[in-house]
Amino acid sequence: AQIKMLFMRSTAGGGGGASGGSGGDAGGGGGASSRQRRTDTAALRLSPADVDRRLAYATNRALGAFVKDLLHLIDRGHAFSLIHEYLHELDPTNASRRLMNFKMEFLGIISTHDHFLALNVPVATPTSISTLGNVYDDWRRAHFLVGTLCRQINVCFTGGPQFRAQVLRGMRVMRDVVFRQQLLGALEYGAERKLRRLHDERVAQLLFPFVVLVVTHRRLVARWEEYQRRIVLAPFIELVRAVPQPLLQQWRRIDFNCTHLVALFDTLHMAESIFSYTGMSKLARLEKLRVLDLEARRALARNTSDLRSTAAASLRGRSSTSALLSASGSDTVRRKSSGNMPDDAAASATALGDAGASVYEAAAAADAERGAVDMDTSASEEESQSDRPGIHPRSELLLTSWSLTAVVEAVMTLATSALHKDVVSADTRLGEAALMLLARALGRNMPAAMLPLLLLAWRHVIATCAPVLFKHRNPVLGELCYSVLKYCEWHVGGNASAVRADAAALLYVLLDANRAATSNASRMRLQASIAMSRLAGERGKQRGDDVAGDDHITFAESFPDNFDTMSAALKAVQAKARSGISTDAAEVIDRLFSVMEYQAKLRQFAWDEDKTVDLYYTLADSFHDSPDLKVAWLDNLAAFHNEHGNWEEAVQTKMIAAAHIVEYLKLLDRWPSAVDTDDVRVIFPNIRQDLKTPGRATMQQMADDVCQSKLFSEQGFVMLLRQAEHLLRRGQLYEACVEVYKLLLPIFEAKSDYLEQADCHRQIAALCGEVIKEAEENERILSNYYLVRFFGKQLGELHQQRFVYRANNSVRIAELSDIMRKRYERQFGDVVKIINQKTVNEDKLEDVANRLYIQVIAVDPYRGAEADASAAAAADDG
């Protein structure tokens, strides 16, 4: 009651000193005490409202510490009833954000109890899951403290985005609980892996509602800043990899369609990607924002003295907390579960986990040495600054190693547990979700030492989950082929040759397993060709940044300019496949060599951007009876335009790819949406002329072998539209961006996805506002257009040809002329002359056989009589 009174008085008295003072008299119960408080206030230069607010926070903390100590002395049931009554009476409606802060801080203090885990042992019937929606109440009856904390966090989640600070505060409490219990398990059991595994399973079972909480609200978490997601997802990974088998079986029984289990793997993917290394350029940007969260800082900071005493007792006089964490804490995130992976893979995981596991605890120890970090009571809703330390490349490398190892072990544990039948079954999407996560992990930037582990783990997965890869229609095989072929040309680090050999061996295993599972190489041939086409579009591009340190950890810096390295590996695989598998398997490699020939032709005209674009489009257009390859090469073309800053052309390429996806899926009777290809004409007017597909009968005959990639779905269509929207924003083409959102809205309306609908309407309003603002300021300039004509017999078929070039609004005629001159001088030498005259007399051009002339003049777009009449009418209307 006193806390609520202080809080309400501080809120009411915030407008001025007089009202705050009278409120103090009314609540204080005596003139002397209130005068003394006002004297103290004047000395501290704080308003009475600020004093009341600080007293409320201090009282809440003191009460939390009191109840925490009380749990040592009285019956826990009575203490739990006090906690419940306090939380309920403090804010029965859960409508106040500051009072929710009080609740989270109160529970956070209680969670630091020495025997917090023991206090949560069942006080009622043993834990069981009735429904996932009731899991918080089920746990609250059996494990009061954990259930109460999860229930309060869930209430904040459902309160809307304005409660994000309160959700994060509760998430930090859960994070601290997880890592504190892991540290205590490491100190208590040391090298006894079985005992520590049992300890971790016990922790995971008690904190299971946290896993459900994150999975349920994963879409909201995905919208948070990067450091906020790390606060949530690091303990999530640790709990998922230790969830006991009986609990998984209960989850599977109540999740009939495996919807939430598939969401579990999607959340693991988000967790793995948020910790993956993205290059020094990304780290430099993150350093400015200070968005890296190193876990368990506040937990260890609050318990510095306890940790030091425990360390001294456990490590025979080693008083340094950093030394303790380096020695024993590093072992807390790696375990070996029998049957989950081959012995050598498990050994590799153990070795790789040493550095990656201790990064959080080592950083937390550094904080602990500097002293406890207290919360800012005057800014209770701000983020804790201890969650935003600086960015360090070495720490990022360790985080990458840790997250990849943890996620791979978690996925393999889940896939080989009670869920194994569902993973290899075609009735659920569980196998696709699990294996897609492993395939994406293989494609991440990572320390070279991680590669042998993941390649070996995949050999085990192929042997146990072949039906998911080769019989079910999903994008896993294509993603796996891409990563395997990429590592067949690996050229970074001292073990590059060993990595290439492992990747080539895995490719052979894929070919052999495909023959055993299906006796048909058509799908394998198609997916391998698509993967090779993606790699062909990435020749010479930057893959990531090098990070070199004392330990010489290095990342790949670029893709090779050619396929020479890969060609040698593929020839060895082909020879072995021809003798050991079948002729069909060898023909898969032949198709890969044909893609290499396409790429070699592109390299011949690399100096000419326009010719390269024509070759890309001509090649994509030739695959009209192979939709997957067509879309793959269109994606390469879009990437090429994006690389050269041609935003509008990149958007057009994305849109024609999206239109082809709709048309192909309609021919296969697999398009569920009301969106039609004609709807794309607003953004791509010539869609009907450029849309080329075979007939329905032809497509139906190829139904089992085409449209296999993840893009050939409504989700893939949405992904392409979102990519187009991002490019349109970069090009400041807001009008077309609005039309893209109009294409997305019917899809979200059909799914009753109000969250996405709200976001679309919000974005449309913002874009329209931007257009209106620029139009009022006469700053709305779209594109410039130029007529370019070529003269010179050295140009071959380009001689006397003319084209209309579209350029970004910042490119003027002088700049375009300079670009054209430099481009052709690099190829033909100093024989190029630019002509900016509107008329050219070809007879007067000197030495056309040996010199080049390029005419560049500005032109205005003609939109047709109807469009001109509409524009005139609009002008008349003002």
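Just so we're clear, the structure is a prediction, and the values are computed from it rather than from any experiment.

1. Digging into the overall build of the protein chain
Part 1 of the reasoning: Across its full length, the protein chain carries 42 helices and four strands.
Part 2 of the reasoning: Here the protein chain holds 878 residues, and the buried ones make up 54% of them.
Part 3 of the reasoning: Taking all contacts inside the protein chain whose residues are at least 6 apart in sequence as the whole, residues at least 24 apart take part in 73%.
Part 4 of the reasoning: For the protein chain, the exposed surface amounts to about 37,900 Å²; the carbon and sulfur share of it is 50%.

2. Some details on the confidence of the model for the protein chain
Part 1 of the reasoning: Residues of the protein chain with pLDDT of at least 70 account for 74%, and the chain-wide mean is 75.
Part 2 of the reasoning: Between residues 542-557, whose pLDDT stays under 50, and residues either more than four places distant or in other chains, the model counts 49 contacts.

3. As for the pattern of salt bridges
Part 1 of the reasoning: In the structure shown here, the tally under the stated rule is 30 salt bridges.
Part 2 of the reasoning: Here Glu-649 ties to Arg-806 by a salt bridge, and the two come within 2.8 Å at their closest N and O atoms. Residue Glu-649 is found in helix H35 (residues 647-667), and its partner Arg-806 is found in strand S2 (residues 802-807); the two are separated by 157 residues along the sequence.
Part 3 of the reasoning: Among the residues examined, Glu-649 registers a relative accessible area of 22% and is labelled partly exposed.
Part 4 of the reasoning: In this structure, Glu-714 and Lys-751 form a salt bridge, with 3.3 Å as the shortest nitrogen-oxygen distance. Residue Glu-714 is found in helix H38 (residues 714-730), and its partner Lys-751 is found in the loop between helix H39 (734-750) and helix H40 (754-776); the two are separated by 37 residues along the sequence.
Part 5 of the reasoning: Here the salt bridges share partners, and the residues they tie into one network are Arg-219, Arg-223, Arg-722, Asp-753 and Glu-756.

4. Describing helix H8 (residues 135-142)
Part 1 of the reasoning: Residues of H8 that are buried: Val-135, Tyr-136, Asp-138, Trp-139 and Ala-142. Buried residues along H8 cover an arc of 160° about the axis, so they all sit on one side.

5. Things to note about the packing of aromatic side chains
Two aromatic rings, taken as a pair, are described by how far apart their centres are and by the angle between their planes.
Part 1 of the reasoning: Under the criterion given, the structure shown has 18 aromatic pairs.
Part 2 of the reasoning: Taking the centre distance of 6.2 Å and the plane angle of 70° together, the rings of Tyr-598 and Phe-623 count as edge-to-face. Of this pair, Tyr-598 sits in helix H32 (residues 583-604) while Phe-623 sits in the loop between helix H33 (609-621) and helix H34 (627-643), and the two are 25 residues apart along the sequence.
Part 3 of the reasoning: Taken together, a centroid distance of 6.4 Å and an interplanar angle of 10° make the contact between Tyr-824 and Phe-828 stacked. Here Phe-828 and Tyr-824 lie together in helix H41 (residues 813-828), a separation of four residues that amounts to about one turn.
Part 4 of the reasoning: With a relative accessible area of 1%, Tyr-824 lands in the buried category.
Part 5 of the reasoning: Owing to a relative accessible area of 22%, Phe-828 belongs among the partly exposed residues under this scheme.
Part 6 of the reasoning: Over the ring of Tyr-508 we find Lys-576, and its NZ or CZ is 4.9 Å from the ring centre.

6. Some thoughts on the environment of Met-699
Part 1 of the reasoning: Assignment of secondary structure puts Met-699 in helix H37 (residues 696-701).
Part 2 of the reasoning: Residue Met-699 is classed as buried on the basis of its relative accessible area, which comes to 0%.
Part 3 of the reasoning: The spacing of Met-699 and Tyr-664 is 35 residues in sequence and 7.9 Å in space, taken between C-alpha atoms.
Part 4 of the reasoning: Not counting residues up to four positions away in its chain, the partners in contact with Met-699 are Pro-627, Tyr-664, Leu-667, Leu-668, Pro-694, Val-706 and Cys-707.

7. Concerning H32
Note that an α-helix has 3.6 residues per turn; residues three or four places apart therefore point the same way.
Part 1 of the reasoning: Here H32 is 22 residues long and its end C-alpha atoms lie 32 Å apart, about the 32 Å a rise of 1.5 Å per residue gives.
Part 2 of the reasoning: Residues of H32 that are buried: Ala-585, Ala-586, Val-588, Ile-589, Leu-592, Phe-593, Val-595, Met-596, Gln-599 and Leu-602. All buried residues of H32 project into a common sector of 160° when viewed along the axis, lining one side. Facing away from the buried side of H32 by over 90 degrees, the exposed positions are Glu-597 and Gln-604.
Part 3 of the reasoning: On its buried side, H32 packs onto helix H28 (476-487), helix H29 (496-518), helix H30 (522-536), helix H31 (564-580), H33 and H34.

8. A word on unusual backbone geometry
Apart from glycine, the bulk of residues carry a negative phi angle, and the bulk of peptide bonds sit in the trans form.
Part 1 of the reasoning: Located in the positive-phi region is Gln-732, a residue other than glycine, with phi close to 60°.
Part 2 of the reasoning: Tracing the backbone through its elements, the reader meets Gln-732 in the loop between H38 and H39.
Part 3 of the reasoning: Residue Gln-732 is classed as partly exposed on the basis of its relative accessible area of 37%.
Part 4 of the reasoning: Its identity is not glycine, yet Gln-800 carries a phi of approximately 70°, on the positive side.
Part 5 of the reasoning: As for its placement among the helices and strands, Gln-800 is situated in the loop between strand S1 (784-791) and S2.
Part 6 of the reasoning: Assessed through its relative accessible area of 39%, Gln-800 is described here as partly exposed.

9. A short note on the nonpolar core
Part 1 of the reasoning: If you look at the biggest cluster of nonpolar residues, it comprises 225 residues, and the most contacted ones within it are Ile-83, Met-171, Phe-236, Trp-458 and Leu-570.
Part 2 of the reasoning: Counting residues per element, this core draws most heavily on H35, which supplies 13 residues.
Part 3 of the reasoning: Ignoring sequence-local partners within four residues, the contact set of Phe-236 consists of Phe-210, Val-211, Val-214, Val-215, Leu-264, Thr-267 and Leu-268.

Cut-offs and rules
Residues numbered from 1 in each chain as written. Predicted model: local features only at pLDDT ≥ 70, side-chain atom pairs only at ≥ 80, totals over all residues. Heavy atoms only, no water. Helix = DSSP H or I, 4+ residues; strand = E, 2+ residues; numbered from the N terminus. Buried < 20%, exposed > 50% of the residue type's maximum accessible area, 1.4 Å probe, protein only. Contact = heavy atoms within 4.5 Å. Areas by Shrake-Rupley, 256 points an atom, 1.4 Å probe, with all protein chains shown as cover. pLDDT = per-residue confidence, 0-100. Salt bridge = Lys/Arg side-chain N within 4 Å of Asp/Glu carboxyl O. Arc of directions from axis to C-beta. Phe/Tyr/Trp six-rings, centres within 6.5 Å; stacked < 30°, edge-to-face > 60°. Lys NZ or Arg CZ within 6 Å of the ring centre and 35° of its normal. Expected span 1.5 Å × (residues − 1). Core = buried A, V, L, I, M, F, W, Y, C linked by side-chain atoms within 4.5 Å.

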